[in-house]
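The chain contents come next:
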Amino acid sequence: MSSTGNGGGARQGQELPRRGPLRAAGPVPGGAPGAAAGSTGSTGRGLGGAAARARLRRRMPPVAAPPQGVVQDQSPPAPDPARRRVALPGAPTSRGRPTAPFPGSGTPAAERFGQHTEGSLFDVVKVAIAILDTSGRVVLWSPAAEELLGWPSELLVGRGIAELVGGEGAADRTLAAIRETVHNGSWHGLTELRHREGGLVGVEARISLLVDGDGTPFLQVALADAEMLQAVERDLAVRDALFEQSPLGIAILDTDLRYTAVNHTLAEMNGVAAEEHVGRTTGETLPERAADEVTTIQRQVLATGEPVVDVTLAAPMTARAGFRSISYSRMTDRSGRVLGISGTVMDVTERYRAVSKVEHARRRLSLLNEFGSRVGDLLDAARIAQELAGAVVPRLADYSAVILLQAVAHGDDLPRHGHDRRTSLLQLGTAAVQDGPEVDTMLRRGARITFSEDSAFGRVLRSGVPELLSGPDELSDLSYPGDPKVQAAHDLGVHSRLVVPLRARGIVIGLLVVSRAGYREGFDRDDLAFTVELADRAGSSLDNARLYARERTAALTLQRTLLPQQVPQPAGIEVAYRYVPGSSGTEVGGDWFDVIPLPGERTALVVGDVMGHGLRAAATMGRLRTAVRTLAGLDLPPEVLLRHVNELADDLAQGPDEALLATCVYAVFDPATGRLTATKAGHIPPVLIVPKGSAEEACRIGSPLPGGAGQVVDLPSGAPLGVGGVPFESIELEIPEGSLLALCTDGLVESRDKDLDVGLGRLISVLEQPYPSIQQACEAVLATMEQGREPDDVALLLARLGRGQTGTPTAGWTLPAEPTAVSRARRLVRGTLADWSVEALTDTAELLVSELVTNSVRYASAPIGVRLTLGDTLLVEISDPLPDPPRERHAAEADEGGRGLELVGRLALRWGARTEGMGKVVWFELATDGSDHGGTFG
């Protein structure tokens, strides 16, 4: 045998004699001579006889196999320092502390005795037991030995064990081992035994001396496979190396979640000695808050068997500060019985802080991007200020305020001089994590901010250098001594504050003030740098809003200048209007309207919309309105007027590279006949509300609107102005007295997600209701505008259509196109004016009527109409079926004719011609006071 325990067994084992030849298989008769020298026979004290074997069986307890359920120690009685041995339960270990019992079900060993155990270590390393007498003869051969070497007990009992030992000097080595065992009580070493099927099996042998009650000695031989033992030894060595030398903290806990072993690394992490861990739970070892989290995880793993991997927790306050990653898994034996849990703990403070820095930077970048997207399309300084204040609370601060120069808020020019205490500041953006009277005092929106020049506000405004304020003295020196906002901040527990300039074009245009309170950490330099970056982005947006507000103010001023400054109230019509500029998020548009008095107490109602926004659209709108108003003075039919405007499209365009694109609706109402002539160029149609109740009440100027039934006036669509190629058409309607006509632009009725018919239906439903006045009807329409509509300009024109002034004298005749018509017209005019008591106008009226009727008789072949209307002026209208308007020319001295229109132009207050039906109407007005104003072509 090659390896020895105590007593020098290895040296003597090398001298054992060579094994003799094995006997043939079969039973060995009792009392036969032994194979080894020194056998005492059947009558001696040797154990080879039947009587000795019988006594041994009667008196000795069975030792070939351990009782079921009992875990026995397998370590040698004399430990070898060169080998790692499994310590007995409760025995001291090399680390100087007791080892707790092997984790089990928590049941005491006495209660578990006799239980059947499957899958234990004996299944991995099988221990074979044999009983020898002192001469080396086999007395008992266990089933485990049969399984290990293949020899059944009936072939070996009574034979010498030396026959199984391989190698030279087997007998000598066997005798030396037996002598050493008898002398010292034990022997152990490595040897090779012959397997029945051939070959040698390396085993580790342990021989112990046993003595029965009669004093007869026996030898117990324990044999184990050497390779298996070496593998277990190797695994144990690896376990010890990992357990003791691992940089990770390692813990083993039983089913009661009590520590059975921890390594030195975990002991240092927990700040508790390793010996103080054993037998205690995590709750008895760590502080309560840290232990609760860990214990919860341990119980979960023990109950479910699901491992928990890489859970990051804060380190206990009693140990090294930082963070730990813990992992736990359940331990089971080979039979599946739960033994407990194992855990590893790793210090991940540096990793956690690195990840935290990356996450912190990511959140800051996300905040910058989010703020940029939220204010990217905003052009209102107040809204941008509020978005900035809300963006930093609560992610960066507990309270925030955005303070801007009044020039920025109102769209004025930036100051050219430095800031001082007279600089006007407004607090336009605020945000807080809570509400209360102190917050209202410190963060009141719209408050005017005053400051002293040597305060933090004054320093930052002058220098543009941000400041980090901490401590009572610095925090109190914010604006001016005795500022109630400072006391309110103190009451709220503010302990750290940043005052950061908002800059644009190198000029400080305001301040961003953020504060932290309570238990939150104070600001540091990283927070200051981030806040400066955020403020710089906000400063650019605020300056863009200021420039836009200035341009929008200029455009609104131009547009309002180009819109009608005074809207006339013609006879027989009551007019109300509203113009609403687009919201601050859009530029001013090109919406417009006009009310144009026409001859014969007729009125033109116009609403239009120039596509585009800004100053150029407003200027184009002004040119378009002027062109329409000028052409309306020629008393052209609506479709002819729009055709002429369309022909001027190139001259009315916003620029040489941009074509005019505008929509328009043009309507002419004649109160004398109650007829409306209208046309449109790509515009939304008008709405007509026919009143209910008496017409007299409905059409009285200033009376309440009775309401009625509404409808959309169906006009030929027409193409927008500037498109061309589509003729304009007009329709003529007879309007019930007192009807309400509504003209508007698309901003009133269009929305992003609804059809135009929905907006027109809503407009009709509003106007169908009764209102105290037409002005109240305008307000009601604007109050019900679609909330989701495009924020465009809105122009609204309401007109209540009546029948002219009550009691206005009117007279009319139809004359044949004959020479006698001239004299008859003179007589009719003379008599009518005498009846109306305006004889002072007779001579002039007769002369001019005579000239115009003469022209009609000369060129017309159909009846001629003459109509007189006495109002503020005397209106005389001569109609004939010829469509060509009269042409005024200057007659020479020798010419006999051609002076009729010249007389009209000289003697009439105004005169003009218009198309009506298939013919024309030539008209003139005379002042009823008899004054001579000179003639103008109307």
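Per chain, residues are indexed from 1 in the order of the written sequence. Residues qualify for local features only when their pLDDT is at least 70, as the model is predicted, and side-chain atom pairs are given and counted only at 80 or more; totals for whole chains, interfaces and linings, by contrast, use all residues. Note that water and hydrogens are dropped before the side-chain values are worked out from all heavy atoms of the structure.

Peer 1: When you look at the overall build of the protein in this model, what are you seeing that I'm missing?
Peer 2: From N to C terminus, the protein includes 28 helices and 31 strands. Partly exposed describes any residue whose relative accessible area lies between the buried limit of under 20% and the exposed limit of over 50%, with all areas from a 1.4 Å probe on protein chains only and scaled to the type maximum. Counting the 938 residues in the protein, one finds 47% classified as buried. Look at the contacts in the protein between residues 6 or more apart in sequence, and 66% of them connect residues 24 or more apart. Accessibility throughout is a Shrake-Rupley quantity obtained with a 1.4 Å probe, and a residue counts as covered only by protein chains that appear here. Total accessible area on the protein is roughly 44600 Å²; 52% of this is exposed by carbon and sulfur atoms. Think of it this way: any DSSP run of H or I at least four residues long counts as a helix, any run of E at least two long counts as a strand, and we number them from the N terminus. Two residues qualify as a contact provided that any one of their heavy atoms is within 4.5 Å of a heavy atom in the partner residue.

Peer 1: I'm lost on the nonpolar core in this one. Help?
Peer 2: Soluble globular proteins tend to pack their nonpolar side chains together in the buried interior. Within this scheme, the nonpolar core is defined by two criteria: the residues are buried Ala, Val, Leu, Ile, Met, Phe, Trp, Tyr or Cys, and they are joined through side-chain atoms within 4.5 Å. The biggest cluster of nonpolar side chains holds 55 residues, and the ones touching the most others in it are L404, F457 and L502. Of all the secondary structure elements, the ones that give two or more residues to this core are α12 (349-375), α13 (381-391), β11 (399-405), β12 (425-432), α16 (456-463), β15 (494-504), β16 (507-517) and α19 (525-562). The greatest single-element share of this core, amounting to 8 residues, is contributed by α19. Among the nonpolar cores identified, the runner-up in size contains 50 residues, and V645, Y666, L741 and L801 belong to it.

Peer 1: Is there a simple way to think about unusual backbone geometry in this case?
Peer 2: Following V393, the chain continues into P394 via a peptide bond in cis, with omega recorded as 5°. Looking at the element boundaries, P394 is found in the loop between α13 and β11. Despite not being glycine, S837 shows a phi value in the positive range, around 65°. Looking at the secondary structure, you find S837 in the loop between α26 (820-835) and α27 (842-859). Exposure remark for S837: the relative accessible area of 56% places this residue in the exposed category.

Peer 1: What am I meant to see in the sheet that holds strand β9 (residues 323-332) here?
Peer 2: Across a sheet, strands are paired by hydrogen bonds formed along the backbone, either parallel or antiparallel in direction. Any two strands are treated as partners once DSSP identifies two or more bridges connecting them. Read from one edge to the other, the open sheet built from 5 strands follows the order β7-β6-β10-β9-β8, with strand pairing classed as antiparallel. The open sheet is flanked by β7 (259-262) and β8 (308-314), the only strands paired with a single partner. Strand-to-strand twist in this sheet, taken as the mean axis angle between neighbours without regard to direction, amounts to 25°. Where β9 and strand β10 (residues 338-347) come together, 9 bridges link them in antiparallel fashion. Following the sheet pairing, S329 is matched in β10 by S342. Here, axes are lines fitted to C-alpha atoms. For helices the fit covers the stretch in contact, and angles between N-to-C directions go from 0 to 180 degrees.

Peer 1: Would you mind going over the packing of helix α20 (residues 615-632) against helix α21 (residues 638-647) with me for this structure?
Peer 2: A pair of packed helices is captured by two measures, namely the crossing angle of their axes and the spacing between those axes. Running from amino to carboxyl end, α20 crosses α21 at an angle of 140°, the nearest separation of the two axes being 10 Å. The pairing of α20 with α21 is recorded here as oblique in orientation. The hand of the α20/α21 crossing is right-handed. On the side of α20, the interface is formed by L624, V628, L631 and A632, while α21 contributes L641, H644 and V645. Note on terminology: angles under 35 degrees are roughly parallel, angles over 145 are roughly antiparallel, angles of 65 to 115 are roughly perpendicular, and the others are oblique. Should the near helix be turned anticlockwise from the far one by less than a right angle, the crossing is left-handed, and should it be turned clockwise, the crossing is right-handed.

Peer 1: Looking at this structure, I do not really get the pairing of strand β19 (residues 602-613). What am I missing?
Peer 2: Two faces make up the sheet, and in a regular strand the side chains alternate between them. Most of β19 is tucked away: 9 of the 12 residues are buried. Both strand β18 (residues 589-598) and β19 contribute to a ladder of 10 bridges, which runs antiparallel. Counterpart to F593 in the pairing with β19 is V607. Connecting β18 to the next strand, β19, in antiparallel fashion are 3 residues, including G600 with a positive phi near 70°. Across 8 bridges, the pairing between β19 and strand β20 (residues 662-670) is antiparallel.

Peer 1: Hey, could you run me through the side chain of N646 in this one?
Peer 2: Topologically, N646 is positioned in helix α21. Apart from residues no more than four positions distant in its own chain, N646 is found in contact with P720, L721, G722, V723, G724 and F728.

Peer 1: I keep staring at the side chain of N263 and nothing clicks. Help me out?
Peer 2: Along the chain, the position of N263 falls in the loop between β7 and α8 (264-270). Classification of N263 by relative accessible area gives buried; the value is 0%. A polar contact is formed between the side chain of N263 and the backbone oxygen of L248, at a distance of 2.9 Å. At 3.0 Å, the side chain of N263 and the backbone nitrogen of I250 are in polar contact. Once you skip the residues sitting within four places of it in the chain, N263 turns out to touch F243, S246, L248, G249 and I250. Residues adjacent in sequence count toward polar contacts only when both atoms are side-chain atoms; beyond that, a polar contact is any pair of N or O atoms within 3.5 Å, and within protein one must be able to donate a hydrogen and the other to accept it.

Peer 1: Before we go on, may I ask you to explain the pattern of salt bridges in this structure?
Peer 2: Opposite charge on two side chains lets them pair, provided their charged atoms get close. In the sections that follow, a salt bridge refers to a side-chain nitrogen of Lys or Arg positioned within 4 Å of a carboxyl oxygen of Asp or Glu. With the rule as written, the count across this model stands at 35 salt bridges. Residue R206 is joined to E204 by a salt bridge in which the shortest nitrogen-to-oxygen separation is 2.6 Å. Taken individually, R206 and E204 each receive the classification buried, so the pair is uniform in this respect. One continuous salt-bridge network, built from bridges that share partners, spans E370, R374, E387 and R395.

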